[in-house]
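Architecture and fold: a report
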Amino acid sequence: MNDKASFCEVIRRDDGPAINEETFKDDLTRHFYYTLGRDKVGTSRSYLYQALVLSIRDQLIGRWRASRDDHRSQSHRQVAYMSLEFLMGRSLNNAMLNLDLEDRVREALEQYCCELEEVEAAEHDAGLGNGGLGRLAACFMDSCASLGLPVTGYGIRYEYGMFNQSIDNGHQIEQPDNWLREDYPWEIKAPDDCRRIKFFGRVEVYEDKNGRQHHQWVDTRDVLAVPYDIPVPGFRNNIVNTLRLWKSEATDEFNLSEFNAGSYSEAVAQKNLAEQITMVLYPNDSSENGKELRLRQQYFLSSATLQDILVQWVERYGEDFTYFSELHVFQLNDTHPSIAVAELMRLLMDEYGMSWQPAWNITTATMAYTNHTLLPEALEKWPVWLFAKLLPRLLEIIYEINARFLQQVAMKWPGDVDKQAAMSIIEEGDVPQVRMAHLAIVGSFSVNGVAELHTRLLREGLFNHFDQLWPEKFNNKTNGVTPRRWLHHCNPILTQLISEKIGTEWVSDFSKINQLAPFHADEKFQQQWQAAKFKNKQRLALLVKEATGVEFDPAMLFDVQVKRIHEYKRQLLNILHVIHRYERIRLGDTDNMVPRCVLIGGKAAPGYFMAKTIIKLISNVAATINADAAVKPYLRVVFFPNYNVTAMEKICPGTDLSEQISTAGKEASGTGNMKFMMNGGLTIGTLDGANVEMLEAVGQENFFLFGARIEQLDDIFSDYSPNQTIASDPELKEVLRLIESGHFNLFEPGIFQPIIDAIRSPTDPWLTAYDFASYIEAQQRVDQVYLDQSQWTSMSILNTAASGPFSSDRTIREYSENIWNL
Ligand SMILES: *Cc1c(COP(=O)(O)O)cnc(C)c1O
């Protein structure tokens, strides 16, 4: 060991679990006074929050380094989880929970006369994701660290995350999310590990003295990728994993001609272009096509990450990659980083002199792809011309991968040119396109869907040809959510009750939650369970009041649908039911009607006109209903603005009824559904995504099932006639009449016409009119059961008790055992 290394050993702090209370108080003061240069707390809690994070980070550093050394030195396989999105939310409470620090933090804060909750509220959400896919990556980070698995998250450090949503006269307004304005004290910049990323330029071919051809990507315009590391502590296990986020920066090279011409400031201004790459998250859930900057982001992340790992490899083992694939896996979160397949080939061949076949063997033994959607419009494609301009060397490699792949197809199905065209990585046409999903499948050893139904539909439909060629590649990994954040942290009242009943082991081994089941009919336990739900409903009612001004009464049933606004998720069906109820109330038909508070929330992609119109409809219906004093005892409705992770932490514990009502076959899995289930929410839902497995786990009698099934869809679409459906259903007819009469848009004529047209269209892919009657009937059953509070509570307990399989710990164990082989 050289002197430098031993010096590092000496200054390393104790990485054991013991945290000295006095040191912690001193750390807090030191950071507040010296690091941040403050002497008064003032009204803003921001500095105190930062000092607190820095003190906690100090406690993490030793364990963090130990975990990293462990990953790097030991000869076990490690995983790079590559994702364009990580929807982390807040980290302070999660870190305190996982390190068991809460009591010490509260004590240390006493000297500042400040409650922990106030300081927590000063943390901005890290909103580097759109919805389910990004939140899944965040839950996976927590589970990997808690299971002690050597997994590093790799993503992009967007300067601006998911936009903040406000509602103005029922319209969505998007505001920039400047989450880094007050610094993000969790991150540590690691400029030593910065990587160089190439764009544009051209390819030169030359022969070496042995006559072998080499390709050189030259005349490129390069940008730097600078990593920022965020610690990911495991649950009380002394493990700290890393989330590494890349920021783009300009190289220090100037455009010499401009510089020499005296245009110094113009030359410097050019640098801004490089920094644009990681400026903003694309705010589109499940579809974004053709935007050049987005492709740049994807390549930037892929190249920086692969270089990071290859450089570390070469430092340790030199340029011998014989055992590389035994020690590394790259998990691709959707096709977004799938250009990594071609980039790994390029790096191994052009930078490390490998020939095609060994490089391909390594690539196809290390890449694994997770598919997240069946919606055809969401399958990523990039125009070939864009590739040729931006990433010319990568396009060459993709062509070569495709040529070799199509030979395999031709061997399997001789003469079947249709199959070749259908499976090709290149889609021919007026504007030829690169199909990223095909590149991902061809280049990966594992392709997984995210729920049983979704995986089955992938294999039978979208990717059927590939399944016939390589059945061994396909597997299912049903999604999950972390029970630390989505039960323990977000629902302390229920957590305490559960732990009193069955102990605390469920927090780290969530399969133990089923020990609650025997108590579902216990009268005393039911009362305690109801009391906990009631308190959480009070807490949610406060939030709703703050956000919208509308009073929610915790004695009423809380009916909630929060998720991205999308036609396939059918917020529209939900609001049709609300209007139907409103009608009944106005007609005096309220016998046995359960009073309800309906909350709908979620962001619409800024360019998605229908989704924005649906927000407007919900808002207008809410305004009409809430203004009607006669309706108030039975029905209240809000559109909840700026739905995000922190909001969900208050929403899911206070929910009675969870709306999971997507058109069958459209929702890959869903994860919101699982959060509600853990917190004792009952689900009204279709047989779609993970709902299918939730229903199996809890039993049909504890789930409000409705709607068309996947097997019926072909039949239904073959002669779908919504106008007939509407004409023959007086309730649906009346609901549509009310909307069409302009009742909800008296001074805004015509604005809901696109919605009416969509429902009445024989090609409506979302089957809103078709499923209406069945949905209303299921909502009737909801009311009936809710009138019997004992039965409802028993079902609620059974739902929490059956939620064990929906822990992301279970999901990650399956990835680890069946894909990663850790
Ligand atoms: C869990 C979660 C989602 C995913 O919700 P789905 O109902 O599965 O679409 C989206 N956004 C946030 C903030 C979440 O916490």
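Preceding this section is the structure that the text describes.
Residues numbered from 1 in each chain as written. Predicted model: local features only at pLDDT ≥ 70, side-chain atom pairs only at ≥ 80, totals over all residues. Heavy atoms only, no water.

**A word on the nonpolar core**
- Ranked by internal contacts, the top residues of the largest apolar core, which has 143 residues, are L52, I56, W186, F199 and F387.
- Non-local contacts of F387, meaning those with residues more than four positions away in its chain, are made with L295, I339, W382, P392, L394, L395, I398, V434 and M436.
- Core analysis: the next-biggest nonpolar cluster, separate from the first, contains 62 residues, L572, L617, I726 and A769 among them. (Core = buried A, V, L, I, M, F, W, Y, C linked by side-chain atoms within 4.5 Å. Buried < 20%, exposed > 50% of the residue type's maximum accessible area, 1.4 Å probe, protein only. Contact = heavy atoms within 4.5 Å.)

**Here's the deal with the site of the ligand**
- Lining the immediate environment of the ligand, one finds 13 residues, of which K563, K569, T671, G672 and K675 sit closest.
- Here an oxygen atom of the ligand sits 2.8 Å away from a polar atom, N or O, in the side chain of K569.
- G672 is positioned such that a nitrogen or oxygen atom in its backbone is 3.0 Å from an oxygen atom of the ligand.
- Burial of the ligand by the surrounding chains reaches 95%, relative to a free accessible area of 400 Å². (Near = heavy atom within 4 Å. Polar contact = N/O pair within 3.5 Å; in protein donor to acceptor, adjacent residues only side chain to side chain. Areas by Shrake-Rupley, 256 points an atom, 1.4 Å probe, with all protein chains shown as cover.)

**Observations regarding a negative patch on the surface**
- On the surface, D103, E107, E110 and E115 cluster together into a patch of negative charge.
- Mapping E107 onto the fold places it in helix α5 (residues 102-110). (Patch = residues over 30% accessible without salt bridge, like charges linked within 9 Å, V, L, I, M, F, W, Y side chains within 5 Å. Salt bridge = Lys/Arg side-chain N within 4 Å of Asp/Glu carboxyl O. Lys, Arg positive; Asp, Glu negative; His and termini not counted. Charge placed at Lys NZ, Arg CZ, Asp CG, Glu CD. Helix = DSSP H or I, 4+ residues; strand = E, 2+ residues; numbered from the N terminus.)

**Details of the environment of K603**
- Within the element layout of this structure, K603 appears in the loop between β21 (596-601) and α25 (609-626).
- Along the sequence, K603 and N164 sit 439 residues apart, while their C-alpha atoms lie 8.8 Å from each other.
- Those residues within four positions of K603 in sequence are excluded, and the remaining contacts are M162, F163, N164, Q165, Q172, K563, R564, I565, N642 and Y643.

**Re unusual backbone geometry**
- Located in the positive-phi region is N238, a residue other than glycine, with phi close to 65°.
- Its location among the elements puts N238 in the loop between β11 (221-233) and β12 (240-250).
- For N238, a relative accessible area of 33% corresponds to the partly exposed category.
- Despite not being glycine, L767 has its phi angle at roughly 55°, a positive value.
- As for its placement among the helices and strands, L767 is situated in the loop between α32 (753-760) and α33 (768-787).
- On the basis of relative accessible area, L767 is assigned to the buried category, the value being 0%.

**Describing the pattern of salt bridges**
- The full count for this structure, using the stated rule, is 51 salt bridges.
- Between R202 and E204 there is a salt bridge; the shortest N-O distance is 3.2 Å.
- Of the residues examined, E204 reaches a relative accessible area of 32% and is grouped as partly exposed.
- Salt-bridge contacts for E351 lead to R346; the nearest nitrogen and oxygen are separated by 3.3 Å.
- The exposure class assigned to E351 is partly exposed, which follows from its relative accessible area of 41%.

**Let's talk about the environment of R296**
- Positionally, R296 belongs in helix α11 (residues 292-317).
- Put simply, R296 and F199 are 97 residues apart on the chain and 8.3 Å apart in space, counted from C-alpha to C-alpha.
- The residues touching R296, leaving out its near neighbours within four places in the chain, are F199, F200, I277 and L390.

**Considering the pairing of strand β24 (residues 682-685)**
- On β24, burial covers both faces: L682 and I684 on one face and T683 and G685 on the other are all buried.
- In this fold, the crossover linking strand β23 (residues 657-660) to β24 by way of helix α27 (residues 672-678) has right-handed handedness.
- Where β24 meets strand β25 (residues 704-705), two bridges bridge the pair, whose relative direction is parallel. If you follow G685 over to β25, its bridge partner there is L705.
- In terms of handedness, the path from β24 via helix α28 (residues 691-698) over to β25 forms a crossover that is right-handed. (Right-handed = clockwise from strand over helix to strand, strands pointing away. Pairing = 2+ DSSP bridges.)

**Quick notes on the sheet that holds strand β22 (residues 635-640)**
- The strand order β22-β21-β20-β23-β24-β25 describes an open sheet built from six strands, whose pairing is parallel. Here the strands that pair on one side only, and so sit at the sheet edges, are β22 and β25.

**Focus: the pairing of β11**
- Extensive coverage of β11 is indicated by the burial of 12 of its 13 residues.
- Pairing of strand β7 (residues 188-189) with β11, which is carried by two bridges, proceeds in the antiparallel orientation. Following the sheet pairing, K189 is matched in β11 by Y228.
- The pairing of strand β8 (residues 195-199) with β11 spans five bridges and is classified as antiparallel. Note on β11: the bridge partner recorded for R196 is L224.
- Here β11 runs beside β12; their pairing, made up of 11 bridges, is antiparallel. Within β12, the position partnered with A225 by the bridge is S248.

**Quick look at the packing of aromatic side chains**
- In the structure shown here, the tally under the stated rule is 29 aromatic pairs.
- Centre to centre, the rings of F525 and W529 are 5.7 Å apart; their planes meet at 55°, and the pair counts as tilted. Placement of both F525 and W529 in helix α23 (residues 523-548) is noted, with a separation of four residues, approximately one turn of the helix.
- An aromatic cluster of at least three residues, connected via ring pairs, comprises W313, Y317, F321, F324, F330 and Y352.
- We note R157 situated over the ring of Y228; from NZ or CZ to the ring centre the distance is 3.9 Å.
- Positioned above the aromatic ring of F558 is the side chain of K537, whose terminal nitrogen or guanidinium carbon lies 4.9 Å from the ring centre. (Phe/Tyr/Trp six-rings, centres within 6.5 Å; stacked < 30°, edge-to-face > 60°. Lys NZ or Arg CZ within 6 Å of the ring centre and 35° of its normal.)

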